[in-house]
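Observations on chain architecture
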Amino acid sequence: MRIIAGALGGRQFTSPHAERTHPMSERVRGGLFNALGDIDGLTVLDAFAGSGALSFEAISRGASSALAIDNDKRAQNAIERSIKELQLAKQVKLIRANCSSWSEQNPDQQFDLVIAAPPYDNLQPAAVTKLARHTRPGGLYVLDWPGKLDPPELEGHQMLNQKSYGDAQLVFYRRIS
């Protein structure tokens, strides 16, 4: 896999090759970051991080820090290896945990941008909803959701946009309260 654009554009990173992860395609990842626009200086939560692609892309495009959370050991090892190879230890922190458990233990931690990409074979709607609380007021929550399913309503968030990519969709929410 490779970083699409920004300071690290073109650099390769490790993919976990785990059955529980579904790497976001370059097309969808490019669409996500093009839709976000300028993310310079933002803090990012990359929930269900998988390969860490969203964290690496965010840092490459100017985000100040990213917290990548995943509970799959292969994914964790791949992210850790890529952090070292890309020399991102100061900007990307890996949390080896279940997203829901991490959320319960860190209820007040907030980010400018929260991206949740749960595995399509286990969408974990309760965790997806719970993770929305980590979005700062005025911040964005982006959900990678199967294209054939209606996205969830998130309390305190306004749905801004949905972008369809065939079997995937990106749903953009703004935290309003």
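Presented here is a report on the structure given in the accompanying data block. What you see is a predicted model; the values in this text were computed from it and never measured.

1. Topic: the pattern of salt bridges
- Applying the stated criterion to the full structure yields 7 salt bridges.
- For Glu26, the salt bridge identified is with Arg2, shortest N-O distance 3.0 Å. Within this pair, whereas Glu26 is found in helix H1 (residues 26–36), its partner Arg2 is found in the segment before H1, the two being separated by 24 residues in sequence.
- For Arg2, a relative accessible area of 29% puts it in the partly exposed group.
- For the salt bridge of Lys130 with Glu104, the shortest nitrogen-to-oxygen distance reads 2.8 Å. Remark: Glu104 occurs in helix H4 (residues 99–105) and Lys130 occurs in helix H5 (residues 125–131); sequence separation between them is 26 residues.
- One salt-bridge network, in which partners are shared between bridges, spans Arg29, Glu57 and Arg61.

2. Comments concerning the nonpolar core
- Membership of the largest hydrophobic core comes to 32 residues, with the highest contact counts inside it found for Leu32, Phe33, Leu36, Phe56, Ile115, Val142 and Leu170.
- Within the residue set of this core, elements represented by two or more residues are H1, helix H2 (53–60), strand S2 (65–70), helix H3 (73–86), strand S3 (92–96), strand S4 (111–116), strand S5 (135–146) and strand S7 (168–175).
- Ranked by residues supplied to this core, first place goes to H2 with 5 residues.
- Here Leu170 is in contact with Met24, Val28, Leu32, Val142, Leu143, Asp144, Asn161, Gln162, Lys163 and Tyr165, once residues within four sequence places are set aside.
- Within the second largest apolar cluster, 23 residues are counted, among which are Leu45, Ile95, Trp102 and Leu154.

Rules behind the numbers
- Residues numbered from 1 in each chain as written.
- Predicted model: local features only at pLDDT ≥ 70, side-chain atom pairs only at ≥ 80, totals over all residues.
- Heavy atoms only, no water.
- Salt bridge = Lys/Arg side-chain N within 4 Å of Asp/Glu carboxyl O.
- Helix = DSSP H or I, 4+ residues; strand = E, 2+ residues; numbered from the N terminus.
- Buried < 20%, exposed > 50% of the residue type's maximum accessible area, 1.4 Å probe, protein only.
- Core = buried A, V, L, I, M, F, W, Y, C linked by side-chain atoms within 4.5 Å.
- Contact = heavy atoms within 4.5 Å.

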